[in-house]
Structure formats: structure tokens, C-alpha cells
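Here are the chains, one letter per residue:
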Amino acid sequence: MDVLTDVLSFVVEHDPVHAKWLNTISYLENCGARKIAACEHPTLVREEVLKHASEEFRHAHYLKSQINKVFSIPIPDYSLSNLIGGVSTLNYLNALDLKTSRYLSQEVGLSRYGVREVAYLLVTYAIEVRAEIFYPLYDEVLRKRQSKVAVKSILLEEKEHLNEMREGIGKLERGFEHADQICRMEEVLY
């Protein structure tokens with residue numbers, strides 16, 4: 001935690017870096033929303049999945065809109081030069097999704113559709129576990145530095161998403177065993 005707090009402190013103290021940071025986490029929220037939408041069944045779409053995707057898209061937009069609070073030069077897109085972390089950031093969620101899908105297919109033996117459904121739960125769970133660590137620290141640093149940027153509303157919704165994923169994983173056979181495996185994969189990618 002201390003290393004992450006130090007990194008976040010550095011980021012918040014340097015406006016051009018902070019702007020890129022906001023763009024980067026906006027990208028990750030947007031990527032998550034697109035992944036949620038991509039794993040939906042064409043017709044059997046549950047309301048909570050729609051809600052989750054819409055909230056992630058809203059988080060992406062909100063973070064993007066916060067950039068002008070710390071930097072006067074707009075960051076128009078998510079091109080590589082506008083993100084922190086380079087190619088690793090661009091591929092982070094895709095890599096986790098791919099590793100999870102392979103695990104579910106090869107180790108668990110799920111069908112193609114089963115993989116998609118369960119991968120959504122497990123990947124989202126791992127990301128929400130990461131968010132549960134990240135957003136409170138970021139919020140704390142922002143408040144200590146009296147930044148104009150705020151993430152409190154995102155923090156609260158991410159907690160709700162994590163609880164929803166826990167509930168879904170609890171219904172799976174060996175669900176939390178699989179979730180722990182995916183969280184270890186995410187840790188390596190992180």
C-alpha cells in the first residue's frame with residue numbers, strides 16, 4: 001500500500017501526469033464497460049448487467065471530464081501516448097479476460113457460452129477487488145492534497161459491483177476457489 005500511496009501522491013502533485021493518470025483510469029473503466037457489453041447474451045440480458053455496464057461507461061466519462069480540473073490541455077483520446085503504462089495498460093483487461101477464458105475452458109471444462117458467463121463474473125470480481133484497494137487510496141490522496149478531482153461516487157459504486165460479483169461467484173461450484181486463481185492472474189498482470 002505504501003508504494004501505491006507514494007505513486008498516487010506523485011501523480012496528484014504533478015498536473016500533466018495527473019491528467020494522463022485520469023485518462024488512463026478512464027480508459028480502463030471504458031474498456032471494462034465494453035467487455036461487459038461484449039459478454040452479454042443477445043437477448044437474455046439481466047438488468048444488473050445493463051446497470052453495471054452503464055455505470056462503468058459513466059465512470060469513464062466522469063474521469064475524462066475531471067482532466068480539465070488539473071490540466072488545461074485536453075487529452076482527446078486513449079492513444080498510447082495519452083496513457084500511463086503503455087502497451088501493458090492497453091492489454092491489461094484483454095490479457096486477464098483471455099487468461100480467465102483459457103482457465104475456464106481448459107481447467108474447468110466449461111462450454112463456450114459458460115466460459116463467457118463465468119469469465120464475466122471472475123474477471124469483474126478481480127478488477128473490483130483491485131478497485132477496492134485503489135479507489136480509497138486515490139480518494140485519500142486527493143483529499144489530503146486538496147485536489148479539485150473527486151472519486152468518492154465511483155468508490156461507492158465499485159463497492160456495490162464487488163458485492164454483486166461476490167453474490168454471483170457464491171452461486172458457482174468452487175466459485176471462490178476459481179476467483180482466487182483469477183485474482184492471482186490479475187496480480188501478475190497488475
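Please refer to the structure higher up on the page.
Residues numbered from 1 in each chain as written. Predicted model: local features only at pLDDT ≥ 70, side-chain atom pairs only at ≥ 80, totals over all residues. Heavy atoms only, no water.

### Section: the side chain of Asp 139
Consideration 1: Tracing the chain through its elements places Asp 139 in helix H5 (residues 112-144).
Consideration 2: The contact partners of Asp 139, leaving out residues within four places of it in the chain, are Val 151, Lys 152 and Leu 155. (Helix = DSSP H or I, 4+ residues; strand = E, 2+ residues; numbered from the N terminus. Contact = heavy atoms within 4.5 Å.)

### Some thoughts on the layout of surface pockets
Picture a little ball the size of a water molecule; that probe, rolled over the atoms, points out where space is still empty.
Consideration 1: Estimates place the volume of the largest pocket at around 1000 Å³.
Consideration 2: Around the largest pocket sit 39 residues that line it, and Leu 28, Tyr 92, Leu 93, Ile 127 and Arg 130 are the ones nearest its centre.
Consideration 3: Listing elements by their share of the lining of the largest pocket, those giving two or more residues are helix H2 (15-38), helix H3 (47-66), helix H4 (86-108) and H5.
Consideration 4: Top contributing element to the lining of the largest pocket by residue count: H5, with 14 residues.
Consideration 5: Of the residues assigned to the lining of the largest pocket, the class counts are 22 nonpolar, 8 polar and 9 charged.
Consideration 6: Computed from the structure, the second largest pocket encloses a volume of approximately 220 Å³.
Consideration 7: Every residue lining the second largest pocket is listed: Arg 46, Glu 48, Val 49, Glu 117, Tyr 120, Leu 121, Glu 164, Met 165, Glu 167, Gly 168 and Lys 171.
Consideration 8: For the lining of the second largest pocket, the elements supplying multiple residues, two or more each, are H3, H5 and helix H6 (152-170).
Consideration 9: Ranked by the residues each element gives to the lining of the second largest pocket, the list is headed by H6, at 4 residues.
Consideration 10: Here the residues of the lining of the second largest pocket sort into 4 nonpolar, 1 polar and 6 charged. (1 Å grid on protein atoms, 1.4 Å probe; cavity = no way out; pocket = protein on both sides within 12 Å on 5 of 7 lines; lining within 4 Å. Points joined across faces, edges and corners; volume = space filled by probe spheres on them. Nonpolar A, V, L, I, M, F, W, Y, C, P; charged D, E, K, R; others polar.)

### Quick notes on empty space enclosed by the protein
Consideration 1: Per the stated rule, a full pass over the model turns up 2 cavities of 30 Å³ or more.
Consideration 2: Of the pockets and cavities examined, the largest cavity occupies roughly 90 Å³.
Consideration 3: Surrounding the largest cavity, Cys 39, Glu 40, His 41, Leu 44, Val 45, Arg 46, Val 49, Arg 116, Glu 117 and Tyr 120 form its lining.
Consideration 4: Considering every element that reaches the lining of the largest cavity, the biggest residue donor is H5, with 3 residues.
Consideration 5: The residue makeup of the lining of the largest cavity, split by class, is 5 nonpolar, 1 polar and 4 charged.
Consideration 6: Counted as a void, the second largest cavity has a volume near 30 Å³.
Consideration 7: Glu 128, Ala 131, Glu 132, Pro 136, Leu 155, Glu 158 and Lys 159 are the residues that line the second largest cavity.
Consideration 8: Listing elements by their share of the lining of the second largest cavity, those giving two or more residues are H5 and H6.
Consideration 9: No other element matches H5, which puts 4 residues into the lining of the second largest cavity.

### Let's talk about the environment of Glu 167
Consideration 1: For Glu 167, the location among the structural elements is in helix H6.
Consideration 2: Under the relative-accessibility criterion, Glu 167 is labelled exposed at 53%.
Consideration 3: Expressed as a C-alpha distance, the spacing of Glu 167 and Leu 121, which sit 46 residues apart in the sequence, is 9.6 Å. (Buried < 20%, exposed > 50% of the residue type's maximum accessible area, 1.4 Å probe, protein only.)

### Thoughts on the packing of aromatic side chains
Consideration 1: A full pass over the atoms with the stated rule returns 6 aromatic pairs.
Consideration 2: Between Trp 21 and Phe 134, the ring centres sit 5.9 Å apart and the planes meet at 45 degrees, which makes this aromatic pair tilted. A residue pair is termed long-range when its members are at least 10 positions apart, and Trp 21 in helix H2 and Phe 134 in helix H5 qualify at 113 residues. Per residue, the accessibility class of Trp 21 equals that of Phe 134, and both read buried.
Consideration 3: Aromatic side chains Phe 134 and Tyr 135 sit 4.8 Å apart centroid to centroid with 65 degrees between the ring planes, which places their arrangement in the edge-to-face category. One exposure class covers both Phe 134 and Tyr 135, and it is buried.
Consideration 4: In this arrangement the basic side chain of Arg 130 is found over the ring face of Tyr 190, its NZ or CZ atom lying 3.5 Å from the centre. (Phe/Tyr/Trp six-rings, centres within 6.5 Å; stacked < 30°, edge-to-face > 60°. Lys NZ or Arg CZ within 6 Å of the ring centre and 35° of its normal.)

### Concerning H4
Consideration 1: Look at H4: 32 Å from first C-alpha to last across 23 residues, which is about the 33 Å you get at 1.5 Å a residue.
Consideration 2: For H4, the set of buried residues is Thr 89, Tyr 92, Leu 93, Leu 96, Thr 100, Tyr 103 and Leu 104.
Consideration 3: Along its buried surface, H4 packs onto H2, H5 and helix H7 (175-189).
Consideration 4: After H4 finishes, the residue Gly 109 shows a positive phi value of roughly 80 degrees. (Expected span 1.5 Å × (residues − 1).)

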